[in-house]
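Coordinate inspection notes
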Amino acid sequence: MTVDVVVAGGGAAGVAAAVGAARTGARVRLLERHGFLGGTAIAASVLTYCGFFDERHRPVVAGVGRQFLEYLERTGSYRTRITQESGNKVVLLDPETTKAALDDLLLDHGVELALHTTVVGVHGPDERPAAVTTFHAGTHETVGARAFVDCTGDGALLVAAGAPVRVEPPERRQASTLVLRFGGVAPDADLSTAALRQAVTDYRGCHDVELPRDHGSVVRLPVSGEVMVLTVDQHEDVLTVEGRTRAEIAGRRLAAHYLRAVRAIPGWRDCFLAATGPEIGVRETRHLVGREQLTGADAAAGRRRPDEVVARGGWPMEDHAVPGATSYGRIRDGGWYDIPLGSLRSRDRANVWAAGRLVDADPAAFSSVRVMGTAFATGHAAGVAAALQAAGEPDDRRVVQEVLRAQGALL
């Protein structure tokens, strides 16, 4: 099989890359290891899209991301919330509605979707890969393409292609978090940070167990009414099978303690643990080594790059690297910064692109650009660039910008 563009990974970035490439005229095949789209949002129950709005609650992401929000609006499922932690605006998700919306986005644009499929090899000249080998249910398939976009989060395609990647030491990476979803929480229950802190503090005082956090996001979800709690942080090296296994098991054991702790909060007495994960939510593993690196100074200053911009980032620098704590770094004037095309393109693999949490960014900038709303924007840009490259268009970022604007992206 031969297509124009292969996209690996079906989360926010991958869906946006595939749709953007298809709208540009490419034949696109999207590979996703799960049996559904949505990536970490669905597989790890991280049911909020952060990054669609800047700190003043103005839209900074449109394009394919806006198409997704319009689906939620049409189905009466569009909900937003102002976070207690940072005061930013997030989009709340229902898992089944999100899966259906992302399915429709791909099918409506003619994207060829391969679920339960992983990349296990890349072939061709080092500087310009020509095909990927995929694995599904014990069988292998080779898919040729003119351009490739890695949106796997872990850089699976980059590694298979031998593209350079950067990996921070485990102690400096953003924590991974096992999301807890609680049912049976009363409609008028106290969801405040203060109430959670008190409950965890009291529980620690009565039991010989160390809970990693006494605070974190507490969000009531649309449709199900369940309450999502992000407190079970793990700082294992999830790039190793041993580290990820320990993180998953330890997280589930901690979930039982948090269940007992939160039952002391008013309105939580009859709650139950509806779900963990199912898998742990990983924030950081590998990073693309691109042709340009986005820096924390760029983000903090709200740096604008009219000649290079292909996406905007408006989420604050939200750092989870220190156990038990989250710190925030603000963007100048509560606005946004421009993300350059060079941060999405491999330094020495001419036709390999990356988006989402793989964007080339230093630790400070990464803590902002990694979020899923922004991933829609970087994925859209990478998909358009890959499609233009596959069509033999001149290597000109101005053409990428023109196509993105025509497709409704905010630049």
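Notes on the structure follow. (Residues numbered from 1 in each chain as written. Predicted model: local features only at pLDDT ≥ 70, side-chain atom pairs only at ≥ 80, totals over all residues. Heavy atoms only, no water.)

**Brief notes about unusual backbone geometry**
If a residue is not glycine, its phi is most likely negative; likewise, a peptide bond is most likely trans. Heads up, the condition is: Only runs of H or I of at least four residues qualify as helices and only runs of E of at least two qualify as strands under DSSP, and these elements are numbered from the N terminus. Type-normalised accessible area, obtained with a 1.4 Å probe on protein chains alone, sets the label of each residue: buried when under 20%, exposed when over 50%, and partly exposed for intermediate values.
Backbone torsion omega between Gly277 and Pro278 reads 15°, so that peptide bond is classified as cis. Checked against the element boundaries, Pro278 lands in the loop between strand S15 (272–276) and strand S16 (286–288). In the Ramachandran plot, Ala137 falls in the positive-phi region, its phi being about 50° despite a non-glycine side chain. Examined against the element boundaries, Ala137 turns out to sit in the loop between strand S8 (131–136) and strand S9 (139–144). What makes Ala137 exposed here is its relative accessible area of 67%. Here Val223, not a glycine, exhibits a phi torsion of approximately 70°, which is positive. Positionally, Val223 belongs in the loop between strand S13 (218–220) and strand S14 (227–234). A relative accessible area of 68% places Val223 in the exposed class.

**With respect to the sheet that holds S9**
Put simply, the rule reads: DSSP bridges decide pairing: two strands pair if at least two such bridges lie between them. Axis angles are defined between N-to-C directions and span 0 to 180 degrees, where every axis is a line fitted to C-alpha atoms and, for a helix, only to the segment in contact.
Strand order in the open sheet made by the three strands is S7-S8-S9, with antiparallel pairing throughout. The open sheet has two edge strands with one neighbour each: strand S7 (118–123) and S9. Put simply, the sheet's adjacent strands are angled 25° from each other on average, direction ignored. Relative to S9, S8 runs antiparallel, the two sharing six bridges. Each residue of the ladder has a partner; that of Ala131, found in S9, is Gly144.

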